[in-house]
Amino acid sequence: MMTIEEFGRALRARKTTSEQIANECLRRIEADNPRLNAFILVMADEARAQARELDRELAAGKDRGPLHGVPISIKDLFDIRGTATTAASRVREGHVADRDATAIARLRQAGAVFIGKTNLHEFAFGTTNEDSAFGPARNPIDPARSPGGSSGGSAASLAAGMALATMGTCTGGSIRIPAAACGTVGLKPTLGEIPTDGIVPLSRTMDHAGPLTQTVGDAALVYEALIGEPRKTPPAPVPVRGLRFGVPRKYFCDLLDEEVRARFEEALERLRAAGVTLDDIEIRNAADLGTIYLHLVLADAAAYHAATLESMPEKYQKNVRLRLEMGRYVLAEDYVRALAGREILRREVDAALGAHDALILPTLPIPAPLIGADTVQIAGKAEPVRNVMLRLTQLFNVTGHPAIALPSGRTNAGLPCSVQLVGNRMATDALLRVALACEPHISRP
């Protein structure tokens, strides 16, 4: 499937139309969704009508910008007016949104075509996409494997060519984890930069919204529309020579699949050869991250779900309900300690970035795991899949720093590996410029 930039050039050269590309996406959905289960709802009639109207607008001289006529899939946490928002749960049966989420309204204004709503881990509370009322989404590269989560259906839809871009949410890594598992780019902007009203929350203190795309340039185009400042072209990359990156090896490289480690080190060598300076650094309290994250996310989620946990507990997926029940037992003093720990970690990441253009680390410690696997072998030891998948991404949800996942090659079995770049808070645009510069040296098919 062509990129957003390629489609835009072809559209304006009258070599294709929005309706044609929407129909191609719908054809692929019809062919592959029974196997991949990426979509909860396919909005075929609405997408065709949107595309035809946008083609008429362009013919009349109205060009909405880079996303004009671009088919985008939407994680089924976002409200689209007149459409159910299921959050992949029977708890929300009968819900129909009466207005667009702000992010959706901005995409609509920018000319996006909504091709459908994608599958996810129920209420975004998981990393594998297995616990969904609609069944698990599957990885297009190997359908026996997870596409990552919670935005697994979104990543699968993009990797399978069912959309030119997709929207996800990220509370502990739910954009970057599926991007890594499916071999796409995934951008988590700075906390609060993209409004989350009209999006079913997991943790209001850590929820982010952002795009998954085929390239960094495409991610930049969607990001600009989401913040309400669309531009005609992606930002220009900074010169790669002279960039300085911090490499937080302690904790973040302690527990890696050997092929993931190899692809990461190879990416570092390519960057070094291109003129990037790499400094080993340490985020001193990173080992406390799991406890801080869990006390925040469990309590926040339990508070949001308190009423329905009482009135309809049987409608939740078992594993999700158990996590929500755990949140009821987080003590207030533990929550306050976690907030204090969050500030310590935020200052440590700020300090690590003080002398660097970005931090660089792997995105996912393992290749996409098999669906149903509870543990994964790393260095001869069985590790819990969920904990391992969250290990490298959740820090930057806790601290709110922008982060982007880029594909960095594949294992011998053909499974994607990924590198993560992290930038300064409120400097997502600067991070995108760095990522654009590094993409040719990091990304491998």
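What you see is a predicted model, and the numbers here were worked out from it, not measured in a lab.

## So, the nonpolar core
In terms of nonpolar packing, the biggest core is built from 136 residues, with L107, F245, I360, I404 and L421 touching the most fellow members. With 9 residues, helix α9 (residues 289-311) is the single largest residue contributor to this core. Other than its neighbours up to four places away in sequence, I360 contacts F245, G246, V247, P248, F264, L268, L271, L278, V419, Q420, L421 and I442. Of all hydrophobic cores here, the second largest spans 8 residues; its members include A155, L158, C182 and L212.

## Considerations on the state of the cysteines
Considering all chains together, one arrives at 0 disulfides under this definition. As a non-bridged cysteine, C25 has C182 as the owner of its nearest cysteine sulfur, 16 Å distant. Under the relative-accessibility criterion, C25 is labelled buried at 0%. Free of any disulfide, C253 has its nearest neighbouring cysteine sulfur in C417, separated by 13 Å.

## Things to note about unusual backbone geometry
In this model, G149 is joined to S150 through a cis peptide bond whose omega is 5°. Within the secondary structure layout, S150 lies in the loop between β3 (113-118) and α5 (152-159). The phi angle at A88 is positive, at roughly 60°, despite the residue not being glycine. Secondary-structure assignment places A88 in the loop between β2 (71-75) and α4 (102-109). According to the relative accessible area criterion, A88 is buried, its value standing at 0%. Phi angles above zero are rare outside glycine, and N129 is one such case at about 70°. Here N129 is to be found in the loop between β3 and α5.

## Structural notes on the sheet that holds strand β13 (residues 416-422)
Two pairing modes exist for strands in a sheet, parallel and antiparallel, and in both the strands are linked by backbone hydrogen bonds. The 11 strands lie next to each other as β1-β3-β2-β4-β6-β5-β12-β13-β9-β7-β8, forming an open sheet whose pairing is mixed. Each edge of the open sheet carries a strand with a single partner, namely β1 (39-42) and β8 (277-281). Here the strands of the sheet are splayed against their neighbours by 30° on average, with no regard to which way each runs. In the packing of helix α3 (residues 44-59) onto the sheet, the strands contacted are β1 and β3, and the crossing angle to β3 comes to about 160°.

## Some words on the pattern of salt bridges
Side-chain pairs of opposite charge can arise where the charged atoms are in close proximity. Applying the stated criterion across every chain yields a total of 28 salt bridges. Here R261 and E258 are joined by a salt bridge, their closest N and O atoms 3.6 Å apart. With R261 and E258 both in helix α8 (residues 258-273) and 3 residues apart, the pair spans about one turn of that helix. Given the relative accessible area of 23%, R261 is considered partly exposed. Of the charged contacts in the structure, one is a salt bridge between D334 and R337, with a shortest N-O distance of 2.8 Å. Here the residue D334 and the residue R337 both occupy positions in helix α11 (residues 332-354), the gap between them amounting to 3 residues, near one helical turn. Here R337 falls in the exposed class, since its relative accessible area comes to 52%. Through salt bridges with shared partners, a single network forms among E24, R27 and R28.

## Considerations on the pairing of strand β6 (residues 208-213)
For β6, the tally of buried residues reaches 6 of 6 residues, placing the bulk of the element in the interior. For strand β4 (residues 165-170) and β6, the ladder comprises 5 bridges, and the chain directions are antiparallel. Along β6, the bridge assignment pairs T169 with A209. As paired elements, strand β5 (residues 185-188) and β6 share 2 bridges and run antiparallel to each other. By the bridge assignment, V185 is partnered in β6 with T213.

## Side note on α11
If you check α11, its first and last C-alpha atoms are 33 Å apart, about what 23 residues at 1.5 Å a residue would give, namely 33 Å. Those residues of α11 that sit buried are A338, G341, R342, L345, R346, E348, V349, A352 and L353. Of the surrounding elements, those touching the buried residues of α11 are β8, α9, β9 (358-362), α13 (394-399) and β13.

## Comments concerning the packing of helix α2 (residues 18-36) against α3
Angle between the axes and distance between the axes are the two parameters that describe a pair of packed helices. Where α2 meets α3, the closest approach of the two axes is 8 Å, and the angle between their N-to-C directions is 160°. Relative to α3, α2 is oriented roughly antiparallel. In this structure, the crossing between α2 and α3 has a hand that is right-handed. Residues S18, E19, A22, N23 and L26 of α2 form the contact with α3, whose participating residues are A44, R48, A51, R52 and D55. Split into classes, the residues belonging to the contact of α2 with α3 amount to 4 nonpolar, 2 polar and 4 charged.

## Digging into the side chain of R92
Along the chain, R92 falls in the loop between β2 and α4. This buried residue, R92, is left without a salt bridge; D79 holds the nearest opposite charge, at 4.5 Å.

## Here we look at the environment of N412
Examined against the element boundaries, N412 turns out to sit in the loop between β12 (403-410) and β13. For N412 and T375, which are 37 residues apart along the polypeptide, the C-alpha to C-alpha distance reads 21 Å.

## Observations regarding the environment of G400
Along the chain, the position of G400 falls in the loop between α13 and β12. For G400, the residues in contact, after removing those within four places along its chain, are K188, P189, T190, L191, H208 and R425.

## A few points about helix α14 (residues 428-442)
At L436, α14 is bent by approximately 30°, the largest bend along its length, and proline P440 sits one to four residues beyond. The complete set of buried residues in α14 reads T428, L431, L432, V434, A435, L436, A437, C438, E439 and I442.

## What to know about the packing of aromatic side chains
Counted by the stated rule, this structure contains 2 aromatic pairs. Seen from their ring centres, F123 and Y316 are 5.8 Å apart, and the 40° between their planes marks the pair as tilted. In this pair, F123 sits in the loop between β3 and α5 while Y316 sits in the loop between α9 and α10 (318-327), placing the two residues 193 residues apart along the sequence. When its relative accessible area of 3% is taken as the criterion, F123 is described as buried. Where Y251 meets F252, the ring centres are 5.0 Å apart and the plane angle is 85°; that geometry is what we call edge-to-face. Neither residue differs from the other here; Y251 and F252 are each classed as buried. Just above the ring of F125 sits the side chain of R323; from NZ or CZ to the centre is 5.9 Å.

Cut-offs used in this document
Residues numbered from 1 in each chain as written. Predicted model: local features only at pLDDT ≥ 70, side-chain atom pairs only at ≥ 80, totals over all residues. Heavy atoms only, no water. Core = buried A, V, L, I, M, F, W, Y, C linked by side-chain atoms within 4.5 Å. Buried < 20%, exposed > 50% of the residue type's maximum accessible area, 1.4 Å probe, protein only. Helix = DSSP H or I, 4+ residues; strand = E, 2+ residues; numbered from the N terminus. Contact = heavy atoms within 4.5 Å. Disulfide = S-S within 2.5 Å. Pairing = 2+ DSSP bridges. Axes fitted to C-alpha atoms, helices over the stretch in contact; angles between N-to-C directions. Salt bridge = Lys/Arg side-chain N within 4 Å of Asp/Glu carboxyl O. Expected span 1.5 Å × (residues − 1). Parallel < 35°, antiparallel > 145°, perpendicular 65-115°, else oblique. Left-handed = near helix turned anticlockwise from the far one by under 90°. Nonpolar A, V, L, I, M, F, W, Y, C, P; charged D, E, K, R; others polar. Lys, Arg positive; Asp, Glu negative; His and termini not counted. Bend = angle between axes of the 7 residues up to and from the residue. Phe/Tyr/Trp six-rings, centres within 6.5 Å; stacked < 30°, edge-to-face > 60°. Lys NZ or Arg CZ within 6 Å of the ring centre and 35° of its normal.

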